[in-house]
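The lines below spell out each chain.
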Amino acid sequence: MSDCIFCKIVAGQIPCTRVYEDDAVLAFMDIGPIVKGHTLVIPKAHHDPLTAVPSDLLARVIEVVRRVAAAQVAGLKADGVNVHQSNGAVAGQVVPHVHFHVIPRFADDGHRWNWKAGRYDDPAEPAALAERIRAALPR
Ligand code: 5GP
Ligand code: ZN
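What you see is a predicted model, and the numbers here were worked out from it, not measured in a lab.

Reading the values: the criteria
Residues numbered from 1 in each chain as written. Chains lettered and ligands numbered in written order. Predicted model: local features only at pLDDT ≥ 70, side-chain atom pairs only at ≥ 80, totals over all residues. Heavy atoms only, no water. Donors = N, O, S within 2.8 Å, 3.2 Å for Na, K, Ca; no water. Helix = DSSP H or I, 4+ residues; strand = E, 2+ residues; numbered from the N terminus. Buried < 20%, exposed > 50% of the residue type's maximum accessible area, 1.4 Å probe, protein only. Phe/Tyr/Trp six-rings, centres within 6.5 Å; stacked < 30°, edge-to-face > 60°. Patch = residues over 30% accessible without salt bridge, like charges linked within 9 Å, V, L, I, M, F, W, Y side chains within 5 Å. Areas by Shrake-Rupley, 256 points an atom, 1.4 Å probe, with all protein chains shown as cover. Salt bridge = Lys/Arg side-chain N within 4 Å of Asp/Glu carboxyl O. Contact = heavy atoms within 4.5 Å. Polar contact = N/O pair within 3.5 Å; in protein donor to acceptor, adjacent residues only side chain to side chain. Pairing = 2+ DSSP bridges. Axes fitted to C-alpha atoms, helices over the stretch in contact; angles between N-to-C directions. Near = heavy atom within 4 Å. Nonpolar A, V, L, I, M, F, W, Y, C, P; charged D, E, K, R; others polar.

## Let's talk about the coordination of the zinc ion (ligand 2)
Phase 1 of the analysis: For the zinc ion (ligand 2), the protein coordination sphere consists of Cys4 (SG), Cys7 (SG), His46 (ND1) and His97 (ND1), at 2.0 to 2.3 Å.
Phase 2 of the analysis: For the zinc ion (ligand 2), the single-chain donor residues occur in sequence as C-x2-C-x38-H-x50-H. With Cys4 in the segment before α1 (5-10) and His46 in the loop between β3 (39-43) and α2 (55-76), this pair connects stretches of sequence that are 42 residues apart.
Phase 3 of the analysis: Residue classification places Cys4 among the buried residues on the basis of a relative accessible area of 5%.

If you want it as structure tokens, here you go:
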């Protein structure tokens, strides 16, 4: 994808600070870290959204997510790790090349997710929604 910023990073047309790469996967430092050490993990091939990534490639990407998370704990002495992934502008996605945010968390990092838990007033509602999701699950 010629106009994709992450494809340009893969191609070396835009510089990045690389953490890991192999033939299919690249991990690099996010230019605007939520917490210092924030790393992005992407497939080198352009795919978007998450549901369009071939399963075998996605497995390789997730394995690098796992290893980067482990390295943030072991190497940065992170107390915890958030893994975050967005699909679609409405979900807050800015760069439409699938990517996982791997964010080291520290007791004193000052970051708070703006996570407001809602509630179901009608107990039938989650069951109905679950049935719609279940019926649409891809094989
Ligand atoms: P999104 O909101 O799409 O899930 O996240 C996109 C991420 O890409 C953001 O965290 C942003 O800081 C990062 N980003 C955008 N442009 C660049 C860039 O040119 N280089 C690097 N290293 N990260 C970028
Ligand atoms: Zn791309």
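## Remarks on the packing of aromatic side chains
Phase 1 of the analysis: Taken as a whole, this structure holds 1 aromatic pair when the rule is applied.
Phase 2 of the analysis: Summarising the aromatic geometry, the rings of Phe6 and Phe28 are spaced 5.4 Å apart at their centres and angled 85 degrees between planes, so their arrangement reads as edge-to-face. Placement of Phe6 in helix α1 and of Phe28 in strand β2 (residues 25-29) is noted, with a sequence separation of 22 residues between them.

## Overview of a nonpolar patch on the surface
Phase 1 of the analysis: Where nonpolar side chains cluster on the molecular surface, the patch consists of Ile34, Trp113 and Trp115 and spans about 380 Å² of accessible area.
Phase 2 of the analysis: Among the structural elements, Trp115 can be located in the loop between β5 (100-105) and α3 (124-136).

## Some points on the environment of Pro43
Phase 1 of the analysis: Within the element layout of this structure, Pro43 appears in strand β3.
Phase 2 of the analysis: Residues Pro43 and Ala70, spaced 27 residues apart in sequence, show a C-alpha to C-alpha distance of 19 Å.
Phase 3 of the analysis: The residues contacting Pro43, other than those within four sequence positions of it, are Ala24, Leu57, Val61, His97 and Val98.

## Thoughts on the side chain of Ser86
Phase 1 of the analysis: Of note, Ser86 is situated in the loop between β4 (80-84) and β5.
Phase 2 of the analysis: At 3.2 Å, the side chain of Ser86 forms a polar contact with the side chain of His84.

## Some remarks on the sheet that holds β5
Phase 1 of the analysis: Taken together, the 5 strands give an open sheet; going across it, the order is β1-β2-β3-β5-β4, and neighbouring strands pair in antiparallel fashion. Two strands lie at the open edges of the sheet, namely β1 (18-21) and β4, each paired on one side alone. Averaged over all pairs of adjacent strands, the angle between their axes in this sheet comes to 20 degrees, without regard to strand direction.
Phase 2 of the analysis: Of the pairings in the sheet, the one linking β2 to β3 comprises 5 bridges and is antiparallel in character. Residue pairing for β3: Phe28 is matched across the bridge by Leu40.
Phase 3 of the analysis: With respect to the sheet, α2 is in contact with β1, β2, β3, β4 and β5, its orientation differing from that of β5 by roughly 15 degrees.

## Topic: the site of ligand 1
Phase 1 of the analysis: Every one of the 15 residues lining ligand 1 counts as a neighbour, but Met29, Asp30, Val94, His99 and His101 are closest to it.
Phase 2 of the analysis: The separation between an oxygen atom of ligand 1 and a polar main-chain atom of Gly92 is 3.1 Å.
Phase 3 of the analysis: Take His101: an N or O atom from its side chain is 2.8 Å from an oxygen atom of ligand 1.
Phase 4 of the analysis: Alone, ligand 1 offers 520 Å² of accessible surface; in the complex the protein occludes 81% of this.
Phase 5 of the analysis: Looking at the shell around ligand 1, the elements with two or more residues in it are α1 and β2.
Phase 6 of the analysis: Residues that form the shell around ligand 1 fall into these classes: 9 nonpolar, 5 polar and 1 charged.

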